[in-house]
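Read off the chains here:
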Amino acid sequence: MDLEIISLRTFIGSKDFSISKSFYTDLGFQEITLSASLSLFRRNEFSFYLKDAYVEDWLNNTMLFIEVKDVAECFEWLTSLQLHKNYPGVKLIPIKKNDWGDECFVLDPAGALLHFGQFR
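A. Highlighting the sheet that holds strand E7 (residues 101-107). Across the sheet, 4 strands lie side by side as E5-E8-E7-E6; this open sheet has mixed pairing. Of all strands in the sheet, those with a lone pairing partner are strand E5 (63-67) and strand E6 (91-97), marking the two edges. Here the average twist between neighbouring strands, direction ignored, is 20 degrees. In the sheet, E7 pairs with strand E8 (residues 113-119) via 7 bridges, with the strands oriented antiparallel. Paired with Cys-104 across the two strands is Phe-116, which belongs to E8. Taken strand by strand, helix H3 (residues 71-81) contacts E6, E7 and E8, and its axis lies near 165 degrees from that of E6.

Set out below in structure tokens:
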């Protein structure tokens with residue numbers, strides 16, 4: 001049998017579900033509420049589940065790599081959002097140059113680390 005995968009979605013937890021939902025909406029994702037404790041967040045053909053569940057070890061070890069066309073442009077856009085002013089604990093970490101490409105980081109309100117990267 002040839003397994004035809006339609007999508008692959010991860011689950012991300014949240015320390016405060018309403019704050020995390022607002023955060024990801026501000027990042028340009030559209031929320032689709034599935035239940036009182038679970039939402040699907042979609043941007044174009046990419047999506048993930050946000051769960052109303054906080055497990056500190058899980059969230060402190062959650063990372064998403066989001067490949068972008070231009071990491072410098074992405075960093076400029078992320079900076080303009082001023083997310084740290086609206087969301088306690090959120091941090092924007094400047095572009096790091098690696099041998100494989102460049103990336104910047106955003107620490108979300110619950111501790112998940114988002115990598116925005118561009119391959120060479």
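B. Structural context of the pattern of salt bridges. With the rule as written, the count across this model stands at 3 salt bridges. Between Lys-97 and Asp-102 there is a salt bridge, and its shortest N-O distance comes to 3.3 Å. Classification of Asp-102 as buried rests on a relative accessible area of 11%. Here Asp-102 and Arg-120 are joined by a salt bridge, their closest N and O atoms 3.3 Å apart. Separated by 18 residues along the polypeptide, Asp-102 in strand E7 and Arg-120 in the segment after E8 bring together distant segments of the chain. Of the residues examined, Arg-120 reaches a relative accessible area of 65% and is grouped as exposed.

What counts and what doesn't
Residues numbered from 1 in each chain as written. Predicted model: local features only at pLDDT ≥ 70, side-chain atom pairs only at ≥ 80, totals over all residues. Heavy atoms only, no water. Pairing = 2+ DSSP bridges. Helix = DSSP H or I, 4+ residues; strand = E, 2+ residues; numbered from the N terminus. Axes fitted to C-alpha atoms, helices over the stretch in contact; angles between N-to-C directions. Contact = heavy atoms within 4.5 Å. Salt bridge = Lys/Arg side-chain N within 4 Å of Asp/Glu carboxyl O. Buried < 20%, exposed > 50% of the residue type's maximum accessible area, 1.4 Å probe, protein only.

Geometry only, nothing functional implied.
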